[in-house]
Amino acid sequence: TGLAVGMGVGQVLLVLLAAYTVMPAKDPLLNICMDAKHHKTKPGPEGMLHDQCAPWKDNACCTANTSLEAHKDQSNLYNFNWNHCGLMPPKCKSHFIQDTCLYECSPNLGPWIDQADSSWRRERILHVPLCKEDCEEWWEDCKDYVTCKENWHKGWNWATGTNRCPWGSMCRPFSHVFPQPKDLCEKIWSNSYKYTTEHRGSGRCIQMWFDPAQGNPNVVVAKYYAWKKRSSPAWMEDVTPETDKTACALPWPVLVLLPLALMVLLERAGGCGSHGWGSL
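Residues numbered from 1 in each chain as written. Predicted model: local features only at pLDDT ≥ 70, side-chain atom pairs only at ≥ 80, totals over all residues. Heavy atoms only, no water.

1. Description of the side chain of Asp99
Part 1: In this fold, Asp99 is placed in helix H3 (residues 90–105).
Part 2: By relative accessible area, which is 5% here, Asp99 ends up buried.
Part 3: If sequence neighbours within four positions are ignored, Asp99 has contacts with Trp138, Trp189, Tyr193 and Met208. (Helix = DSSP H or I, 4+ residues; strand = E, 2+ residues; numbered from the N terminus. Buried < 20%, exposed > 50% of the residue type's maximum accessible area, 1.4 Å probe, protein only. Contact = heavy atoms within 4.5 Å.)

Spelled out as structure tokens, the structure:
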């Protein structure tokens, strides 16, 4: 009967709508890889990542080869030489390797991905909130090393194919070039990182170092900042109508069944053009 059909369609529609509401939509800020020189198009498991990059092996934006290159003094990744002012001490170098592993391998940097204007990458990270301990240990272990530049992203002499100190620059201790941990973390890579007073495990800062046996602590941090970013007025203004429609669109089964359900309900109300509408 019409009543049975109406109830049947209504129930199906309710089930579909309920399923849609509990189905999590893919967040464009979470579990993604930036569009850069060596990054994979999307994160996934890697059988074997080298040494300090190993914590990301279950879900990585880097390949095994990239992780291997990240550990070399003269890496093929960017032809960058850590030893531009003499040999970098191993304990200092380990922080730069870890920094490279985070940049190349982490799928949890989405909230801080920004457009880049360089020829070798379309996207970069900007103002990633680094945990206090990670930044301060980096500075402490590197303070006696020497360098000739504050910003290592640009301004080098590349005449020989690798980075050399620009003409006229002097090699000075890290502690002179970067008087405080904040200076090192924020200036060395053009504000890729932001110094914070947040501690490891707080869920409010990104860790360069973590024990994979305890899980990746940066997953929850990315979720928090993604939520914060989506809640900001600036983010709402940046959402294009197309993006907004995609986010709010109903799934196709609901769209197909919706007119049918309405038709059945109208018939139950007394038919088209009848007193059913006239009484509203």
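More follows now that the structure is in view.
2. Quick look at the nonpolar core
Generally speaking, a soluble globular protein has its nonpolar side chains buried in company with each other.
Part 1: One finds Phe96, Trp138, Trp152, Phe174, Ile188, Trp189 and Tyr193 to be the most contacted residues of the largest nonpolar core, which totals 48 residues.
Part 2: Counting only elements with at least two residues in this core, the list comes to H3, strand E3 (128–130), helix H4 (132–142), helix H5 (174–177), helix H6 (181–187), strand E6 (193–195) and helix H7 (218–231).
Part 3: Here this core takes seven residues from H3, the largest share from any one element.
Part 4: Apart from residues lying up to four places away in sequence, Tyr193 is in contact with Asp99, Leu102, His127, Val128, Leu130, Trp138, Cys185, Glu186 and Met208. (Core = buried A, V, L, I, M, F, W, Y, C linked by side-chain atoms within 4.5 Å.)

3. Some thoughts on the state of the cysteines
In a disulfide, the sulfur atoms of two cysteines are held together by a covalent bond.
Part 1: Per the stated rule, a full pass over the model turns up eight disulfides.
Part 2: Covalent S-S linkage joins Cys131 and Cys205, the inter-sulfur distance amounting to 2.0 Å. Taking the sign of the S-S torsion, about 90 degrees here, the bridge from Cys131 to Cys205 comes out right-handed. Here Cys205 lies in the loop between E6 and H7 and Cys131 lies in the loop between E3 and H4, a separation of 74 residues in the sequence. (Disulfide = S-S within 2.5 Å.)

4. What to know about the confidence of the model for the protein
Part 1: Summary statistics for the protein give a mean pLDDT of 77 and a share of 71% for residues scoring 70 or more.
Part 2: Contacts from residues 19–24, a stretch scored under 50 in pLDDT, to residues over four places away or in other chains number five contacts.
Part 3: Low pLDDT, under 50, characterises residues 236–252; the predicted model gives this stretch nine contacts beyond four residues in sequence or across chains. (pLDDT = per-residue confidence, 0-100.)

5. Details of the environment of Asn151
Part 1: Structurally, Asn151 is set in the loop between strand E4 (146–147) and strand E5 (172–173).
Part 2: Along the primary structure Asn151 and Asn191 are separated by 40 residues, whereas in three dimensions their C-alpha atoms are 9.4 Å apart.

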